[in-house]
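Overview (structure and organization)
Each chain is listed here by its residues.
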Amino acid sequence: MKPNKTKPTEQGVQAFLDSVDHPTRRADALVLDDLFRRVTGWQPRMWGPTIIGYGEYHYTYDSGREGDFLATGFSPRKANVSLYIMPGYADMGVMLKRLGKHKIGKSCLYINKLADVDLAVVEEIIRKGLDDLAAQWPVRAT
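All of the points below concern the structure found in this document. Fair warning: this is a prediction, and the values are worked out from it, not measured in the lab.

Looking at the side chain of Asp-132
With respect to the element layout, Asp-132 can be found in helix H4 (residues 119–136). Beyond its immediate stretch of four places on either side in the chain, Asp-132 contacts Pro-87, Ala-90 and Met-92.

So, in structure tokens, the structure goes:
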């Protein structure tokens, strides 16, 4: 089985945040970094070249595939900000309705800009995601 492509790196989080070209994305990323630090109590680290992760977990699937991945985090991408909420959005329908303008993928929440959403709901979603993840796999601080 192939190992995960997305792995922790030695790249500095602040250097990455400072390098975000788009001024709104950079400002939103700084707000999100503060929010994720406060909610999780963990220091961030880079996962791959563009994902800022908080905490990690080790998984083993029934198929035998196993690995380590970030517990939660985000990436300020060109098109939007992607929030990574593991293991996904089960039972978050009510929160997502209150969130504001967004799109979702399997475990990604896409936001154009933070001005479009309620940050208190983002905080609720992060907490719920971590609780759901910890019910499946042991989560460790970073």
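Things to note about the packing of helix H2 (residues 23–40) against H4
Interaxial distance between H2 and H4 falls to 10 Å at its minimum, and their mutual angle equals 45°. As the angle between them shows, H2 and H4 are arranged oblique. For the element pair H2 and H4, the recorded crossing hand is right-handed. Contacts between H2 and H4 involve Val-31, Leu-35, Phe-36, Arg-38, Val-39 and Thr-40 on the former and, on the latter, Leu-119, Val-122, Glu-123, Ile-126, Arg-127 and Leu-130. Of the residues in the contact of H2 with H4, the class split is eight nonpolar, one polar and three charged.

Focus on H4
Side chains three or four residues apart in an α-helix point the same way, a direct result of the helix having 3.6 residues per turn. Here H4 is 18 residues long and its end C-alpha atoms lie 26 Å apart, about the 26 Å a rise of 1.5 Å per residue gives. Those residues of H4 that fall on the buried side of the exposure criterion are Val-121, Val-122, Glu-123, Ile-125, Ile-126, Gly-129, Leu-130, Asp-132 and Leu-133. Sitting at the head of H4, Asp-118 places a side-chain oxygen 2.9 Å from the backbone nitrogen of Ala-120.

What about the layout of surface pockets?
Considered as a void within the structure, the largest pocket measures approximately 250 Å³ in volume. The wall of the largest pocket is formed by Tyr-57, Tyr-59, Tyr-61, Phe-69, Met-86, Pro-87, Lys-106, Ser-107, Leu-133, Gln-136 and Trp-137. Elements with a contribution of two residues or more to the lining of the largest pocket: strand S2 (51–60) and H4. Residue composition of the lining of the largest pocket, grouped by class: eight nonpolar, two polar and one charged. If you add up the space inside the second largest pocket, you get close to 200 Å³.

The rules behind these values
Residues numbered from 1 in each chain as written. Predicted model: local features only at pLDDT ≥ 70, side-chain atom pairs only at ≥ 80, totals over all residues. Heavy atoms only, no water. Helix = DSSP H or I, 4+ residues; strand = E, 2+ residues; numbered from the N terminus. Contact = heavy atoms within 4.5 Å. Axes fitted to C-alpha atoms, helices over the stretch in contact; angles between N-to-C directions. Parallel < 35°, antiparallel > 145°, perpendicular 65-115°, else oblique. Left-handed = near helix turned anticlockwise from the far one by under 90°. Nonpolar A, V, L, I, M, F, W, Y, C, P; charged D, E, K, R; others polar. Expected span 1.5 Å × (residues − 1). Buried < 20%, exposed > 50% of the residue type's maximum accessible area, 1.4 Å probe, protein only. Polar contact = N/O pair within 3.5 Å; in protein donor to acceptor, adjacent residues only side chain to side chain. 1 Å grid on protein atoms, 1.4 Å probe; cavity = no way out; pocket = protein on both sides within 12 Å on 5 of 7 lines; lining within 4 Å. Points joined across faces, edges and corners; volume = space filled by probe spheres on them.

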